[in-house]
Amino acid sequence: MKRAIMLFAEGFETVEALMVVDILRRGDVEVTMASITEDEMISSSHGVRIEMDAVLGEVDLSEYDAIILPGGMPGTLHLGESEAVKKALHVMNDAGKIVSAICAAPGVLGKHGFLEGKKACSYPSHEENLTGATVLRDAVVVDGNIVTSRGLGTAMEFAFTLLEILEGKEKEEQIKEAIVYQELAKK
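Residues numbered from 1 in each chain as written. Predicted model: local features only at pLDDT ≥ 70, side-chain atom pairs only at ≥ 80, totals over all residues. Heavy atoms only, no water.

A. Expanded view of the sheet that holds strand β2 (residues 30-35). The 7 strands lie next to each other as β5-β2-β1-β6-β7-β11-β10, forming an open sheet whose pairing is mixed. Unpaired on one side and paired on the other, β5 (54-55) and β10 (140-143) mark the two borders of the sheet. Pairing of β10 with strand β11 (residues 146-149), which is carried by 4 bridges, proceeds in the antiparallel orientation. Its bridge partner being in β11, Val 142 is matched across the sheet by Val 147. Across the sheet, helix α1 (residues 14-26) touches β1 (3-8), β2, β6 (66-69) and β7 (98-102), and the angle it forms with β2 is around 150°. Contacting β1, β6, β7 and β11, helix α3 (residues 83-94) runs over the sheet at an angle of about 145° to β6. (Pairing = 2+ DSSP bridges. Helix = DSSP H or I, 4+ residues; strand = E, 2+ residues; numbered from the N terminus. Contact = heavy atoms within 4.5 Å. Axes fitted to C-alpha atoms, helices over the stretch in contact; angles between N-to-C directions.)

Shown next, in the form of structure tokens:
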């Protein structure tokens, strides 16, 4: 079973985070929702409070196959300011693991040098934060081990892209069928 860790900060974007957690868990990926602080309850930018599975400082990142940063404000700012997040991203990237972010959060990857020479995307008003990247306007961009996406409207595609990378195309198609995604996509 593949494992992913999603990092939560106060002010995360609710749907971007929970859509990805839900799709990955449906696809048999074990997802740990981890607070970047000692707080066990984190509030989204729209006031939805979520209980965390863990605290970032207490997890062994070597046990994970992917790290995920949700967007949202001011959550993305908190992620970008956190030394623990910076260290976690370096640990995962240096190990060749999947490093992913959606909405404004790809700017955190840009800030810390992970997008140098890569293709990436983000929420339109945050594209200037993709330091070193060739900016694309695709819903999801995969360049090596870096996966980026544009925002809430692309959260499901982001989730399915991560699921395909972690568990394969067959599992992705199985979950799409189970949630009636195929029928909606045909319209």
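B. Fine view of the state of the cysteines. Inspection of the entire model under this criterion finds 0 disulfides. The structure places no disulfide on Cys 121, whose sulfur is separated from the nearest cysteine sulfur, that of Cys 103, by 10 Å. In this structure Cys 121 comes out as buried when scored by relative accessible area, which is 0%. (Disulfide = S-S within 2.5 Å. Buried < 20%, exposed > 50% of the residue type's maximum accessible area, 1.4 Å probe, protein only.)

Honestly, it's all geometry; don't read function into it.
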